[in-house]
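In case you want the letters, here they are:
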Amino acid sequence: MLATSEGLSSFSIDNLAAAREFYGGTLGLKVVEEHGMLRIKLGVGPWVLAYPKEDHVPAAHTVIMFPVSDLPAEVSALTAAGVQFEMLPGVRPDGIMPGDGHGPDNSWFKDPAGNWLSVMESPSKK
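Being a predicted model, the structure only gives us computed values, none of them experimental.

Now for the sheet that holds strand β4 (residues 47-52). Spatially, four strands are ordered β1-β4-β3-β2 in an open sheet, and the strand pairing comes out mixed. Strands with a single pairing partner mark the edges of an open sheet, and in this sheet they are β1 (9-13) and β2 (31-34). Each adjacent strand pair in this sheet contributes to an overall mean axis angle of 25°, direction not counted. Taken together, the five bridges between β1 and β4 define a ladder with parallel strand orientation.

Listed as buried for helix α2 (residues 71-80) are L71, V75 and L78. The arc enclosing the buried residues of α2, seen along the axis, measures out at 70°, which places them on a common side. On the buried face of α2, the contacting elements are β5 (62-68), β6 (106-110) and β7 (116-121). N-capping of α2 is provided by D70, with a side-chain oxygen placed 3.2 Å from the backbone N of A73. Looking at the residues trailing α2, positive phi occurs at G82, about 105°.

Locating V44 in the fold gives a position in the loop between β3 (37-41) and β4. Between the C-alpha atoms of V44 and D111, which are 67 residues apart in sequence, the distance is 20 Å.

The full count for this structure, using the stated rule, is three salt bridges. For R92, the salt bridge identified is with D94, shortest N-O distance 2.9 Å.

Attention now moves to the nonpolar core. F11, Y23, L27, I40, I64 and F109 are the most contacted members of the largest nonpolar core, which totals 28 residues. Contributions of two or more residues to this core are made by β1, α1 (16-26), β3, β4, β5, α2 and β7. Leave out the neighbours within four places in its chain, and L27 touches F22, L78, V83, F109 and L117.

On to the side chain of H56. Relative to the assigned elements, H56 resides in the loop between β4 and β5. A polar contact is formed between the side chain of H56 and the side chain of S12, at a distance of 2.6 Å. What H56 contacts, discounting residues up to four positions off in sequence, is S12, I13, D14, A113 and N115.

Pairing is mixed in the open sheet, where three strands are placed in the order β5-β7-β6. Every other strand in the sheet has two partners, leaving β5 and β6 as the edge strands with one partner each. On average, adjacent strands in this sheet sit at an angle of 20° to one another, irrespective of strand direction. Pairing geometry for β5 and β7, over six bridges, is parallel. Considered in β7, the bridge of T62 is made with W116. Against the sheet, α2 makes contact with β5, β6 and β7, and its axis sits at roughly 145° relative to β7, the strand it touches most.

Rules of the game
- Residues numbered from 1 in each chain as written.
- Predicted model: local features only at pLDDT ≥ 70, side-chain atom pairs only at ≥ 80, totals over all residues.
- Heavy atoms only, no water.
- Pairing = 2+ DSSP bridges.
- Helix = DSSP H or I, 4+ residues; strand = E, 2+ residues; numbered from the N terminus.
- Axes fitted to C-alpha atoms, helices over the stretch in contact; angles between N-to-C directions.
- Buried < 20%, exposed > 50% of the residue type's maximum accessible area, 1.4 Å probe, protein only.
- Arc of directions from axis to C-beta.
- Contact = heavy atoms within 4.5 Å.
- Polar contact = N/O pair within 3.5 Å; in protein donor to acceptor, adjacent residues only side chain to side chain.
- Salt bridge = Lys/Arg side-chain N within 4 Å of Asp/Glu carboxyl O.
- Core = buried A, V, L, I, M, F, W, Y, C linked by side-chain atoms within 4.5 Å.

By themselves, these figures tell us nothing about what the structure is for.
Take a look at the structure:
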């Protein structure tokens, strides 16, 4: 029955206005506010729903991954837009963690609600 449904992923936020500005302004994604929630268009992919939650706790996992064809250029552009990348162990000074054969190169950052996001080298690039 669900095989014909487009499905919809979601995550919580703690501030609707801050999330709208971040996803729409900083990241440049299409954002639609409906019924007190945000629908965020993931580039050429699906929509995701961000909903305010009074007792919001940031996700401890990556909620959105953005595959890109030129990771260094994307990290540079996002940094110029004000995104701060997480300097996790193994991350180079440019904000990129090499996949070293165990997956694609990746960079992580957080939204204003503390949820984890990433830009990653597109698997089709390798």
